[in-house]
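Examination of the molecular architecture
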Amino acid sequence: MSDGADRLAEVRRRIAEAARAAGRDPAAVTLVAVSKTHGADRVRELLDAGQRVFGENRVQEAEAKFPALKAQYPDLMLHLIGPLQTNKVREAVALFDVIESVDREKLAAALAKEMARAARRPACYVQVNTGEEPQKAGVLPGEVDAFVASCRDVHKLPLVGLMCIPPVEEEPALHFALLTKMAARNGLAQVSMGMSADYEIAVRLGATHVRVGTALFGHRGG
Ligand SMILES: *Cc1c(COP(=O)(O)O)cnc(C)c1O
């Protein structure tokens, strides 16, 4: 087995273990392999090992890597997990299957308009700034319910879940529990949370999607 395949097997094993420990079905948790900064050859290694769901945080980088891979693996699912500028909405709707970073009215409106034009509707998540960090993207917790309602009722986006990136220096469990609660309250089935350092905690607290980069690909730029 390749290093990539070994790491993948280990992450999947840990996800399954965390799910079972929490009385959850391991199949209810999707691993999003975050391939940002890593080349198409590394992505292909995981594809060959059976991984099909990938995450990228920049539209341009994903455009350079994924069209060829998607042509070769038609069931590949690509998630946008980074900030989306409105001037990149056309490219994002064309390439991504899921957009996890919807966080403002202007973006919701631009996505709705482009989805209608392109007749393509990637599933959307609202990104929540659970730590209320000024520099971080995402809707503030107190504004989530109103923004979700607007995405659904005004913009008619195909909204399926919530996503968060907790503050690095804080206990993630509190943020994960909050996100799960907000998703349930809003009738949203999907909860994207947990990265290499804390995905098992996220699974125990209800994550349906964990976004794991380093634990699968090794350190970025190294
Ligand atoms: C890079 C990134 C990840 C993966 O982080 P790792 O610590 O490498 O697992 C997850 N989510 C987002 C939004 C990211 O930008």
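Details of the structure are given in the entry above.
Quick notes on the packing of helix α1 (residues 3-21) against helix α2 (residues 40-48)
- Where α1 contacts α2, the axes come no closer than 8 Å and their chain directions differ by 55°. By the angle class used here, α1 and α2 are oblique. Of the two elements, α1 crosses α2, and the hand of that crossing is right-handed. Residue-level contacts link D3, G4, A5, R7 and L8 of α1 to R42, E45 and L46 of α2.
- Residues that form the contact of α1 with α2 fall into these classes: three nonpolar, one polar and four charged.

Remarks on the pairing of strand β8 (residues 209-212)
- By the alternation rule, side chains of β8 split into H209 and R211 and V210 and V212, which are all buried.
- Two elements, strand β1 (residues 30-34) and β8, share four bridges in a ladder whose sense is parallel. Of the residues in β8, the one forming a bridge with T30 is H209.

Regarding unusual backbone geometry
- Backbone geometry at A119 places phi at a positive 50°, although glycine is not the residue there.
- Positive phi is not limited to glycine here, since E132 has a value of about 50°.
- Structurally, the position occupied by E132 is in the loop between β5 (123-128) and α6 (144-154).

Notes on the site of the ligand
- Near the ligand, the surroundings consist of V34, K36, I81, I165, M195, S196, R211, V212, G213, T214 and R220.
- For the ligand, an oxygen atom lies 2.8 Å from a polar atom in the backbone of G213.
- Between the ligand and T214, the relevant distance is 2.6 Å, taken from an oxygen atom to a side-chain nitrogen or oxygen of the residue.
- In the complex, the protein chains occlude 89% of the 390 Å² of accessible area that the ligand would expose alone.
- Residues of the shell around the ligand, tallied by class, amount to five nonpolar, three polar and three charged.

Section: the packing of α2 against helix α3 (residues 59-72)
- In contact at an axis separation of 10 Å, α2 and α3 are set at 30° when each is read in the N-to-C sense. Accordingly, the angle class assigned to the pair α2 and α3 is roughly parallel. The hand of the α2/α3 crossing is right-handed. Of α3, the residues touching α2 (which contributes A40, V43, R44 and L47) are K65, F66, L69 and Q72.

Procedures and definitions
- Residues numbered from 1 in each chain as written.
- Predicted model: local features only at pLDDT ≥ 70, side-chain atom pairs only at ≥ 80, totals over all residues.
- Heavy atoms only, no water.
- Axes fitted to C-alpha atoms, helices over the stretch in contact; angles between N-to-C directions.
- Helix = DSSP H or I, 4+ residues; strand = E, 2+ residues; numbered from the N terminus.
- Parallel < 35°, antiparallel > 145°, perpendicular 65-115°, else oblique.
- Left-handed = near helix turned anticlockwise from the far one by under 90°.
- Contact = heavy atoms within 4.5 Å.
- Nonpolar A, V, L, I, M, F, W, Y, C, P; charged D, E, K, R; others polar.
- Buried < 20%, exposed > 50% of the residue type's maximum accessible area, 1.4 Å probe, protein only.
- Pairing = 2+ DSSP bridges.
- Near = heavy atom within 4 Å.
- Polar contact = N/O pair within 3.5 Å; in protein donor to acceptor, adjacent residues only side chain to side chain.
- Areas by Shrake-Rupley, 256 points an atom, 1.4 Å probe, with all protein chains shown as cover.

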